[in-house]
Amino acid sequence: MKFFVDTADVKEIKDLAATGLLDGVTTNPSLVAKSGAPSFLKLIEEICGIVSGPVSAEVAATDYETMIKEGRKLANIAKNVAVKVPLTQDGLRVCKELTDDGIMVNVTLCFSAAQAILAAKAGATFISPFVGRLDDIGQDGLKLIEEIVTIYQNYPDFETEVLVASIRHPIHLTESAKMGAHVATIPPDVIRKLFAHPLTDKGLAAFVDDWKKTGQTIL
Ligand code: G3P
């Protein structure tokens, strides 16, 4: 399973990239606004230099004519840019055109299996179903992941990878992994939670104490 970090915060991306566990980055307009970066294009260029895997950069327009121009401009920033487009009729038209030209496309704001089928038919590199936002309105976000993974497995000609988005806690990740989702994009605070377990902390403290009793050093 590939791990992307869902943030536009360069400091966080550098810190997590240093672990060697990061396979890519996803950003969206809200995350870019939160980062306070003065130039979106320069921000994406900088992130693409930190991480060699896909870096999702989202178009700002919603109409076909502008989205296709924005998408091509974003794709020109670096080879590892994945252009992010919304799951609309115009968005999928842009997706088809860009992927036909060999550009990676992440189709975002997916909330149904039917939408995911359309994205796969449009040749999307990634489909981003939002689990947390479905949970927020009383629907089962993980159920949608299960449906999409099952449908895609039924059709080997669908090459689209399921990128689980809007992850709020470690269970979203582990359940998605059990279902066979290809990628998870995870906020930095949730990635850090994945490392943690109280028995790890307790066990490590005991080992450190006992090692001191030996009076030895390794280095
Ligand atoms: O990047 C898309 C998605 O991960 C957003 O998550 O927490 O705003 O629903 P959230």
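See the structure shown above.
Residues numbered from 1 in each chain as written. Predicted model: local features only at pLDDT ≥ 70, side-chain atom pairs only at ≥ 80, totals over all residues. Heavy atoms only, no water.

Q: Account for the packing of aromatic side chains, with residues named and values stated.
A: Evaluated as defined, the whole model comprises four aromatic pairs. Consider the rings of phenylalanine 4 and phenylalanine 126, whose centres lie 5.7 Å apart with planes at 80°: the pair is edge-to-face. Separated by 122 residues along the polypeptide, phenylalanine 4 in strand β1 (residues 2–6) and phenylalanine 126 in strand β6 (residues 126–129) bring together distant segments of the chain. For phenylalanine 4, a relative accessible area of 1% gives the class buried. Residue class for phenylalanine 126 comes out buried when judged on its relative accessible area of 3%. Both rings, one in tyrosine 152 and one in phenylalanine 158, keep their centres 5.7 Å apart while their planes meet at 75°; by these two values the pair is edge-to-face. The cationic tip of arginine 93 hangs over the ring face of tyrosine 64; the distance from NZ or CZ to the ring centre is 3.5 Å. (Phe/Tyr/Trp six-rings, centres within 6.5 Å; stacked < 30°, edge-to-face > 60°. Helix = DSSP H or I, 4+ residues; strand = E, 2+ residues; numbered from the N terminus. Buried < 20%, exposed > 50% of the residue type's maximum accessible area, 1.4 Å probe, protein only. Lys NZ or Arg CZ within 6 Å of the ring centre and 35° of its normal.)

Q: Can you break down the side chain of threonine 99 residue by residue, with the values?
A: With respect to the element layout, threonine 99 can be found in helix α5 (residues 89–100). Within polar-contact distance, the side chain of threonine 99 engages the backbone oxygen of lysine 96 at 3.3 Å. Every residue in contact with threonine 99, bar those within four places of it in the chain, is listed here: Val105, Ala122, Gly123, Ala124 and Thr125. (Polar contact = N/O pair within 3.5 Å; in protein donor to acceptor, adjacent residues only side chain to side chain. Contact = heavy atoms within 4.5 Å.)

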